[in-house]
Amino acid sequence: MKMTEESSAGKSEMTMDDVKNLVQQKDEIEEQIKAYYDVLEDQGVGVEGVLVDAEGFPRADVNVYQIRTARNSISCLQNDHKAIMEEIEEALHKLHAREKAKRETDETGARGEPMEQQVTLPPPFARVDAVTQGSPACGAGLRVGDEVIEFGSVNTDNFQNLQNIASVVQHSEGKPLRVTVIRDGQKAQMSLTPQRWSGRGLLGCNIVPIHR
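The residue numbers shown here count from 1 along each chain, following its written sequence. Where local features are concerned, this predicted model is filtered to residues with pLDDT of at least 70; where side-chain atom pairs are given and counted, the filter is 80 or more; whole-chain, interface and lining totals use all residues. Side-chain figures throughout are based on the complete set of non-hydrogen atoms in the structure, without hydrogens or water.

Peer 1: Teacher, can you tell me more about the packing of aromatic side chains here?
Peer 2: What characterises a pair of aromatic rings is the spacing of the ring centres plus the angle enclosed by the ring planes. Whether two aromatic rings pair depends on their centres lying within 6.5 Å, for rings of Phe, Tyr and Trp, where Trp uses its six-membered ring; planes under 30 degrees apart make the pair stacked, over 60 edge-to-face, and the rest tilted. Under the defined criterion, the tally for this structure stands at one aromatic pair. A centroid spacing of 4.6 Å and a plane angle of 25° characterise the contact between F125 and F159, whose relative ring orientation is stacked. With F125 in the loop between helix 3 (64-120) and strand 1 (126-131) and F159 in the loop between strand 3 (154-155) and helix 5 (162-170), this residue pair connects regions lying 34 residues apart in the sequence. The residues F125 and F159 share a single accessibility class, namely buried. Working definition: helices are DSSP H or I runs of at least four residues, strands are E runs of at least two. Numbering for both runs from the N terminus. The buried label goes to any residue with under 20% of its type's maximum accessible area, the exposed label to any with over 50%, and the partly exposed label to all in between, with areas taken from a 1.4 Å probe on protein chains only.

Below, the structure written as structure tokens:
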């Protein structure tokens with residue numbers, strides 16, 4: 001039928017508006033079927049009632065042509081109704097499958113980001129809890145709260161205590177050290193040169209160990 005051909009033309013790219021349109025067509029078909037059943041009821045014959053008299057002639061008490069037209073129309077419309085119901089069911093299935101796939105993709109993406117971050121960033125072994133203004137540490141960009149994962153030759157794998165960092169600083173006066181920290185969940189690298197300045201020590205910051 002024409003209406004089902006039109007509605008199925010874009011079935012591969014079905015949207016919720018298309019489904020609503022199909023439902024509207026279904027409702028219209030049901031209204032037409034009801035109208036033809038009303039015709040049969042008014043004639044008092046129904047779908048299976050006999051249309052000839054005892055002698056085999058068309059009955060004179062009913063409109064035979066109108067009844068036959070109504071019965072044929074009901075048969076055709078019922079086929080249309082069955083076809084459009086199948087279209088609606090298939091369209092809803094596709095929409096639900098598409099939404100489920102999209103939801104799973106979004107959830108996987110949301111879980112994947114922190115997982116990837118956790119895998120690529122080693123656990124920190126120390127944390128900066130004080131940085132003095134004007135100090136070498138301040139000039140290098142070190143901030144309070146930075147979590148250290150690399151300080152010169154000291155890293156997560158070989159760190160034992162703060163003496164390791166102190167030893168590296170003492171043997172690197174005037175030499176740049178690569179310092180890597182985790183800041184706001186992101187890795188940040190900087191170059192810190194231990195040197196004399198107006199304050200105490202060679203760095204001007206306080207670092208405390210993170211107990212794991």
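Peer 1: Help me out: how do you make sense of the UniProt feature "coiled-coil region" (unreviewed entry) in the chain in this one?
Peer 2: Mapped onto this structure's residue numbering, the UniProt feature "coiled-coil region" (unreviewed entry) falls at residues 12-39 and 74-105. In the segment residues 74-105, helix accounts for 100% and strand for 0%; the C-alpha atoms at its two ends are 46 Å apart. UniProt positions are given in the numbering used here, feature names are shortened, and annotations may be inferred rather than shown by experiment.

Peer 1: Would you take a moment to explain the environment of L51 for this structure?
Peer 2: Inspection of the secondary structure puts L51 in the loop between helix 2 (16-43) and helix 3. Residue classification places L51 among the buried positions, given a relative accessible area of 9%. With 10 residues separating them along the chain, L51 and D61 place their C-alpha atoms 9.5 Å apart. Contact between two residues is taken to exist if any of their heavy atoms lie within 4.5 Å; hydrogens are not considered. Each residue touching L51, except ones within four places of it in the same chain, is listed here: V45, F57, P58, R59, V64, I67, R68 and R71.

Peer 1: Sorry, what's going on with the pairing of strand 4 (residues 177-183) here?
Peer 2: The side chains of a regular strand alternate between both faces of the sheet. With six of its seven residues buried, strand 4 lies for the most part within the structure. As paired elements, strand 4 and strand 5 (residues 186-192) share seven bridges and run antiparallel to each other. What sits directly across from T180, in strand 5, is Q189. Where strand 4 folds back on strand 5, the antiparallel hairpin that results is connected by two residues, among which D184 adopts a positive phi of roughly 55°. Pairing between two strands requires that DSSP report at least two bridges joining them.

Peer 1: Honestly, the nonpolar core in this entry has me stumped. Any pointers?
Peer 2: Where a protein is soluble and globular, its nonpolar side chains tend to be buried together. What is meant by a nonpolar core is a set of buried Ala, Val, Leu, Ile, Met, Phe, Trp, Tyr and Cys residues, joined one to another through side-chain atoms within 4.5 Å. Among the nonpolar cores identified, the biggest contains 22 residues, and F125, L142 and F151 are the most heavily contacted of them. At the level of secondary structure, the elements contributing two or more residues to this core comprise strand 1, strand 2 (147-151), helix 5, strand 4, strand 5 and strand 6 (205-209). In this structure F151 touches F125, I165, V168, V169, L177, R178, V179, L192, L203 and I207, once residues within four positions along its chain are discounted. Counting 10 residues, the second-largest nonpolar core is a separate cluster that includes V19, I29, L77 and A91.

Peer 1: What is the right way to look at the layout of surface pockets in this model?
Peer 2: Over the atoms rolls a probe the size of a water molecule, and in doing so it shows where empty space is left. We place a 1 Å grid over just the protein atoms. Points where a 1.4 Å probe fits but has no way out form a cavity, open points with protein on both sides within 12 Å along at least 5 of 7 lines form a pocket, and any residue with an atom within 4 Å of a point lines it. Grid points are joined across faces, edges and corners, and a volume is the space filled by probe spheres set on the points. Reported here for the largest pocket is a volume of approximately 300 Å³. Every residue lining the largest pocket is counted, 14 residues in all, and those nearest its centre are I165, L203, C205, N206 and I207. In the scheme used here, Gly and all other residues not listed as nonpolar or charged are polar, with Ala, Val, Leu, Ile, Met, Phe, Trp, Tyr, Cys and Pro taken as nonpolar and Asp, Glu, Lys and Arg as charged. Taken together, the residues of the lining of the largest pocket sort by class into nine nonpolar, four polar and one charged.

Peer 1: What is the right way to look at the pattern of salt bridges in this model?
Peer 2: A side chain with one charge may pair with a side chain of the opposite charge, provided their charged atoms come close. Salt bridge criterion: a side-chain nitrogen from Lys or Arg within 4 Å of a carboxyl oxygen from Asp or Glu. Under the criterion given, the structure shown has eight salt bridges. Its salt-bridge partner being E150, residue R178 comes within 2.9 Å of it at the nearest N-O pair. You can see R178 sitting in strand 4 and its partner E150 sitting in strand 2, a full 28 residues away along the chain. Overall, R178 belongs to the partly exposed group, its relative accessible area being 49%. E173 serves as the salt-bridge partner of R196, at 3.4 Å between the closest nitrogen and oxygen. Of the two residues, R196 is situated in the loop between strand 5 and strand 6 and E173 in the loop between helix 5 and strand 4; the sequence distance between them amounts to 23 residues. Judged by relative accessible area, E173 falls into the partly exposed class, the value being 37%. Through salt bridges with shared partners, a single network forms among K26, D27 and E30.

Peer 1: Would you take a moment to explain helix 5 for this structure?
Peer 2: Along an α-helix, a turn takes 3.6 residues, which lines up residues three or four apart on a common side. For helix 5, the full list of buried residues reads I165, V168 and V169. Projected down its long axis, helix 5 carries its buried residues within an arc of 100°, all on one side. Helix 5 presents Q163 and Q170 as exposed residues on the side facing more than 90 degrees away from its buried surface. Backbone nitrogen of Q163 and a side-chain oxygen of the N-cap are separated by 3.0 Å at the start of helix 5; the cap is N161. Each direction from the helix axis to a C-beta atom contributes to the arc, which is the arc of those directions. Counted as a polar contact is a pair of N or O atoms within 3.5 Å, where, for protein atoms, one must be capable of donating a hydrogen and the other of accepting one, and residues adjacent in sequence contribute only when both atoms are in side chains.

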